Amino acid sequence: MHEDRVKCDATSMLASAGRVAVLTMDVEDWYHLDYFDRRRCDVRQSLLDGVEVYRQLIAREGLVSSYFVLGELARGLAPLLRELAAEGQDVGSHGWDHRRPLTLTLEAVAEDLRRSKEELEEVLQRSVPGYRAPCFSLDRRRLEAVRAAGFVYDSSRIEFGAHPLYGTIDLTGFEKVGGEIYRHGSFFEFEVSTLRRWGRQIPVSGGGYLRLLPWAATRYLVKRYLAEHELYVLYIHPFELSRKPDPPLPPGTRWATRARFSVGRPHVADRLRRLIGLLREGGFRFVTFAQLRRELAASVDAAAGTP
Ligand SMILES: [Zn+2]
């Protein structure tokens, strides 16, 4: 909706990068989901084994992935996160404890960003380049806080119309560099994929849609999306791939919420493999956001004639 105020580059930088797919995992536990009240959840019943399930699936497929990790989980996952980083996977921040930035003051957002970045960097002993806001809850002022905290890319923008929890980021002054990618200096914004159809934005990127929709519907929507776009972004969560049964949900959890949480969980790994197959058929190359940002930043420098 702000495209008119975003400067568009005539030549897509992605033309040189090719068609790319970025598979991402938001590393949080089930009780971080916005539809549960964490204070009423048994947080000892972790479903974080789904991170390892995902990691092995990605490894078997010979792919790479971007992980956005909550700061408060970093110590407990330290050996795994170090291995991921050593394998060339991209480890970024998903904030400290999944509080949504749009519910926080700018000062509190800055502190959340600083704290999560420092914690991850201490665990990994390397810089953490990227950020994704919990629930995509970000606006322009908070995006500026992401830049100010030293991140070099963000992936919190999603065109998702009426969803009450998702923010809309005004990208005035950013340059569109192809696909759903925007640049401001050396900082990049990677938009999460949605398909414009029937006057609506249809999400084609979330693990929830891999679980909840029949595969024929997912396949149709994703193929339509891939036919029209150069960048595909998937986001998935550990609870969706965990092999553990559903934890006891808080008493009084509504039927619809229970269904939203648990329906289709046993099929997600299979769906994800099929989705990877569609991306391969479509000629998509798999990269991490950190890799893609480096490639795009290098092509900007080359175009500007700088070394
Ligand atoms: Zn999240």
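Above this text sits the structure in question.
Residues numbered from 1 in each chain as written. Predicted model: local features only at pLDDT ≥ 70, side-chain atom pairs only at ≥ 80, totals over all residues.

**Points about the overall build of the protein chain**
Looking only at helices and strands, the protein chain features 11 helices and 13 strands. Against the 2.2 N^0.38 benchmark of 19 Å for 307 residues, the protein chain shows a C-alpha radius of gyration of 18 Å, consistent with a compact globule. Evaluated residue by residue, the protein chain yields a buried proportion of 42% over its 307 residues. Sequence-distant contacts, at least 24 apart, represent 79% of the contacts inside the protein chain between residues at least 6 apart. (Helix = DSSP H or I, 4+ residues; strand = E, 2+ residues; numbered from the N terminus. Rg over C-alpha atoms; globule rule 2.2 N^0.38 Å. Buried ≥ 20, exposed ≤ 12 C-beta atoms within 10 Å, placed from the backbone. Contact = placed C-beta atoms within 7 Å.)

**Quick word on the packing of helix α4 (residues 106-124) against helix α5 (residues 140-148)**
At their nearest, the axes of α4 and α5 sit 9 Å apart, and the two run at 35 degrees to each other. Crossing geometry of α4 relative to α5 is assigned as right-handed. For the pair α4 and α5, the contacting residues are L106, V109, A110 and L113 in the first and R141, R142, A145 and V146 in the second. Its residues assigned to classes, the contact of α4 with α5 shows six nonpolar, no polar and two charged. (Axes fitted to C-alpha atoms, helices over the stretch in contact; angles between N-to-C directions. Left-handed = near helix turned anticlockwise from the far one by under 90°. Nonpolar A, V, L, I, M, F, W, Y, C, P; charged D, E, K, R; others polar.)

**So, the environment of V91**
In this fold, V91 is placed in strand β4 (residues 90-93). A residue is classified by how many C-beta atoms lie within 10 Å of it, and V91, with 26 of them, is buried. In the structure, V91 is positioned 209 residues away from V300 in sequence and 24 Å away in space, judged by C-alpha atoms. Apart from the residues within four sequence positions on either side, V91 is in contact with Y67, V69, L81, L84, A85, L120, L124 and V128.

**Observations concerning the pairing of strand β11 (residues 200-203)**
In terms of strand pairing, strand β10 (residues 194-197) meets β11 through four bridges, oriented antiparallel. Looking at the pairing, L195 lines up with I202 of β11. Hairpin connection from β10 to β11: two residues lie between these consecutive antiparallel strands, with W198 at a positive phi of about 55 degrees. (Pairing = 2+ DSSP bridges.)

**Notes on helix α10 (residues 268-281)**
The terminal C-alpha atoms of α10, which comprises 14 residues, lie 20 Å apart, in line with the 20 Å expected from a rise of 1.5 Å per residue. Three or more residues of α10 are buried, namely V268, R271, L272, L275 and L279. For α10, the arc enclosing every buried residue in end-on projection is 100 degrees, short of the 170-degree limit, so these residues lie on one face. In α10, the exposed residues that point more than 90 degrees away from the buried face are D270, R273, G277 and E281. Residues of α10 that are buried in the fold lie against β2 (20-27), α2 (49-60), α6 (207-212), α7 (215-228), β12 (231-236) and α8 (238-241). G283 lies just past α10 and shows a positive phi near 80 degrees. (Expected span 1.5 Å × (residues − 1). Arc of directions from axis to C-beta.)

**Observations concerning unusual backbone geometry**
Unusually for a residue other than glycine, H98 sits at a positive phi of about 75 degrees. Counting through the fold element by element, H98 comes out in the loop between β4 and α4. The phi torsion at Q125 lies on the positive side, around 55 degrees, for a residue other than glycine. Locating Q125 in the fold gives a position in the loop between α4 and β5 (130-131). Note on Q125: 8 C-beta atoms within 10 Å, which makes it exposed.

**Some points on the environment of R100**
Counting through the fold element by element, R100 comes out in the loop between β4 and α4. Overall, R100 belongs to the partly exposed group, with 18 C-beta atoms counted inside 10 Å.

**Points about the nonpolar core**
Within the largest apolar cluster, 69 residues are counted, with the highest numbers of intra-cluster contacts made by V22, V27, V69, Y232 and V233. Excluding residues that lie within four positions of it along the chain, V22 makes contacts with S66, F190, V233, V287, T288, F289 and L292. (Core = buried A, V, L, I, M, F, W, Y, C linked by C-beta atoms within 7 Å.)

**Some words on α2**
The first and last C-alpha atoms of α2 sit 17 Å apart over 12 residues, in line with the 16 Å expected at 1.5 Å per residue. Every buried residue of α2 is listed here: G50, V51, Y54 and I58. With its buried residues spanning 105 degrees around the axis, α2 presents them on a single face. Opposite the packed face of α2, turned more than 90 degrees from it, sit the exposed residues Q56 and R60. Tucked into the core, α2 has its buried residues touching β2, α3 (78-86), β12 and α8. G62, located one to two residues past α2, shows a positive phi value of around 70 degrees.

**Digging into the environment of F160**
Among the structural elements, F160 can be located in the loop between β6 (153-154) and β7 (175-176). The exposure class assigned to F160 is partly exposed, which follows from the 19 C-beta atoms found within 10 Å. Spatially, the C-alpha atom of F160 lies 27 Å from that of E281, the residues being 121 residues apart in sequence.

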